[in-house]
Structure formats: structure tokens, C-alpha cells
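# Overview (structure and organization)
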Amino acid sequence: MANETRLYYYKYIISFLASDSMQGRAVASSFETASATFILNQFQTIKKGNCAIDYFEFTDPRDGQLKKSKNIFLHIDNHAQKTILIGAHYDHIGKGETKSLSFQSRGQVHNGADDNASGVALLLSLTNSMSTWASKEYNYLFVAYSAHEVGLFGAEHFKKYASEHFKPVAFVLNFDMVGRLDKKERMLTVYGYNSISLHNRSLLKSKNEVHVDMSENDKVLDTDAGVFTKDSISALSFTTGLHNDYHKVSDDEQYINYEGLEEVQNMIEDFLISLKTNDLK
């Protein structure tokens, strides 16, 4: 049976981030700032750990201009020797510009409910349920990245920030478009790099019969998790897949499968519970 409280929380997060008032959460915009403030406030309700903003600058490849952006993070310090980083990008493509696939609708708000308000909703929900799955064997970093859509700049900067401020990151999980679990195929795709040993891939099985397609391929490099693989850090990126509303004005909240999102979270929690220190080198 679905957890109604959890479903309500997903809807609350996605409704806010994917509302017309957020104007598509374009990087370096006032709407990015409003989204970041909202996410920071959600982290602060946890009342544990340290949450803060990681400010950075990047050169926007679209116009060559130097711009400012921000990652939002929550750090749980268990005084362990290894850290698990769990992330999702929160920016989207604003009113489309060159990224829109709604070729007749550029200039209109692209809400990005699945891409990637859904990933942020899952990220934040996991912070709420930490008491049921987190281990004292690891420290945890929960990160909402920006500047993803223009080139993974947020994740690149946070990798450097984390290496300077926290115990070594041993493993990265990433959520990017996890809100459209197909009710028939029920397929969750996992892109991986040097991830978990073959015999432990059985951990990626859901009690709710979500089918997992786990691929050791370079598609992880297109995700925020991919930037960590350059330092040989194990990484997995989760997605329910592309769909006809990707980067279109029609990527709206009404198409989110909230019960499916909860099933994905249940699977992720089972996986995190099962991780042992010797699984992560």
C-alpha cells in the first residue's frame, strides 16, 4: 500500500519546482535562486547535519559569458572514513532557448517536472527517511546541483568542493528523471561505472517488482554522477527513461507516476541498507 505521506511530499516538491512561477528554473536566473532557497529550506527541516550553499562560477557555452550558480547540500557527518554522495540536478531549461524540443513553443515555460523535479523530490524524500536506511559506517552528502543542462558544471564544481571539505567520496548515486515509471514495463535503468561487484548487483532488486536494467556503459558520463568517474569513484545513475515530453513544454506534473516514484525510493533504500563497507573500495 502506498505511503500517502510520502506521496504528498513528492507532490509538494514537484508542484513547487515545476510550477509556472518557477519559469523553468534556468541556471543563473532569479528562478534558480528561488528554487535553491526552497531546497535549502527542505534540508533545514531535517534538523541534523550541516546544510549550506556551494557557490561557483562557470563560463556559459551558449554565450561565452561568466555566470554565477549554486549547489545546495546537506552533510551528515558520522565520523566515518568514507562518504556516500547522493545527488540530483534541480535546474531545467527555462523557456527552452536552444535546448527545447518543442520547436514551435520556444519562448514558453518548460516546467521540467520529470527533468528533474522528480529527482530532487526523491533526493529530499530520502533525507526524511534516513533513520530507516542510513548506516553509521558512512558519512552522507545530499546534493542538489545546478548548471547541469548547460554542461554538468555544478557537479564538476562540487566534486572539487567535496574533495577539499569532506572525507573521501567512495560512492555516488544520482537521480535524473525518475518520475515516469511505466506502469506496464516497470523498468528502471541504472547506468554504472566501476560500481558494485557483479555478485552484489542482486541488491538492485525491488520488493515491488520493478525491473532493473543495469548497464556498465558510458551513458553514466552524460549524468552528474559521471564527473566523479573521472577520479575512478564508483557511481550509479538512476532513471525511468526518456519519454515524448523530454525537454518539451509538456513535461508537466500531471504526468508524474507518484506511486512509481515511491517504488523507486523503496528500491533505493533497500539497496542502501544492503551496502557494507567492503562493497565500496
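Treat the numbers as computed from the prediction; the structure is a model and nothing was measured. (Residues numbered from 1 in each chain as written. Predicted model: local features only at pLDDT ≥ 70, side-chain atom pairs only at ≥ 80, totals over all residues. Heavy atoms only, no water.)

Here the focus is the layout of surface pockets. Roughly 470 Å³ of volume is contained in the largest pocket. For the largest pocket, the lining is made up of 19 residues, of which Asp176, Asp222, Thr223, Leu242 and Tyr246 are closest to its centre. Mapped by element, the contributors of at least two residues to the lining of the largest pocket are strand S6 (187-193) and strand S8 (234-239). For the lining of the largest pocket, the element with the highest residue contribution is S8, accounting for three residues. The residue inventory of the lining of the largest pocket, partitioned by class, reads six nonpolar, seven polar and six charged. (1 Å grid on protein atoms, 1.4 Å probe; cavity = no way out; pocket = protein on both sides within 12 Å on 5 of 7 lines; lining within 4 Å. Points joined across faces, edges and corners; volume = space filled by probe spheres on them. Helix = DSSP H or I, 4+ residues; strand = E, 2+ residues; numbered from the N terminus. Nonpolar A, V, L, I, M, F, W, Y, C, P; charged D, E, K, R; others polar.)

So, on to the packing of helix H1 (residues 4-17) against helix H7 (residues 258-274). Between H1 and H7, the shortest axis-to-axis distance is 10 Å and the interhelical angle comes to 110°. As far as their axial angle goes, H7 and H1 are roughly perpendicular. Taking contact as the criterion, the partners of Arg6, Leu7, Tyr10, Lys11 and Ile14 in H1 are, on H7, Tyr258, Glu259, Leu261, Glu262, Gln265, Asn266 and Glu269. Taken together, the residues of the contact of H1 with H7 break down into five nonpolar, two polar and five charged. (Axes fitted to C-alpha atoms, helices over the stretch in contact; angles between N-to-C directions. Parallel < 35°, antiparallel > 145°, perpendicular 65-115°, else oblique. Contact = heavy atoms within 4.5 Å.)

Turning to the packing of aromatic side chains, a few remarks are in order. With the rule as written, the count across this model stands at 16 aromatic pairs. Aromatic side chains Tyr140 and Phe142 sit 6.5 Å apart centroid to centroid with 25° between the ring planes, which places their arrangement in the stacked category. Each member of the pair, Tyr140 as well as Phe142, is classed as buried. Put simply, the rings of Tyr9, Tyr12, Phe16 and Phe38 pair up and form one aromatic cluster. When the ring centre of Tyr258 is taken as origin, the NZ or CZ atom of Lys11, which lies over that ring, is 5.4 Å away. (Phe/Tyr/Trp six-rings, centres within 6.5 Å; stacked < 30°, edge-to-face > 60°. Buried < 20%, exposed > 50% of the residue type's maximum accessible area, 1.4 Å probe, protein only. Lys NZ or Arg CZ within 6 Å of the ring centre and 35° of its normal.)

Overall, the coordinates contain eleven salt bridges when judged by the stated rule. The partner of Arg62 in a salt bridge is Glu97, with the nearest N and O atoms 2.8 Å apart. Pair noted here: Arg62 is in the loop between strand S1 (50-59) and strand S2 (66-76) and Glu97 is in the loop between strand S3 (83-89) and helix H3 (113-128), with a separation of 35 residues, a long-range link. Overall, the relative accessible area of 39% leaves Arg62 in the partly exposed class. (Salt bridge = Lys/Arg side-chain N within 4 Å of Asp/Glu carboxyl O.)

Turning our attention to the nonpolar core. Grouped together as the largest cluster of nonpolar side chains are 54 residues, with contacts concentrated most on Ile86, Phe142 and Phe238. It is H3 that contributes the most residues to this core, eight residues altogether. Filtering out sequence-adjacent residues up to four positions away, Phe142 remains in contact with Phe43, Ile72, Phe73, Leu74, Ile76, Ile86, Leu123, Leu126, Thr127, Met130 and Trp133. In this structure, Tyr145, Tyr161, Val169 and Ile233 belong to the second largest nonpolar core, which totals 20 residues. (Core = buried A, V, L, I, M, F, W, Y, C linked by side-chain atoms within 4.5 Å.)

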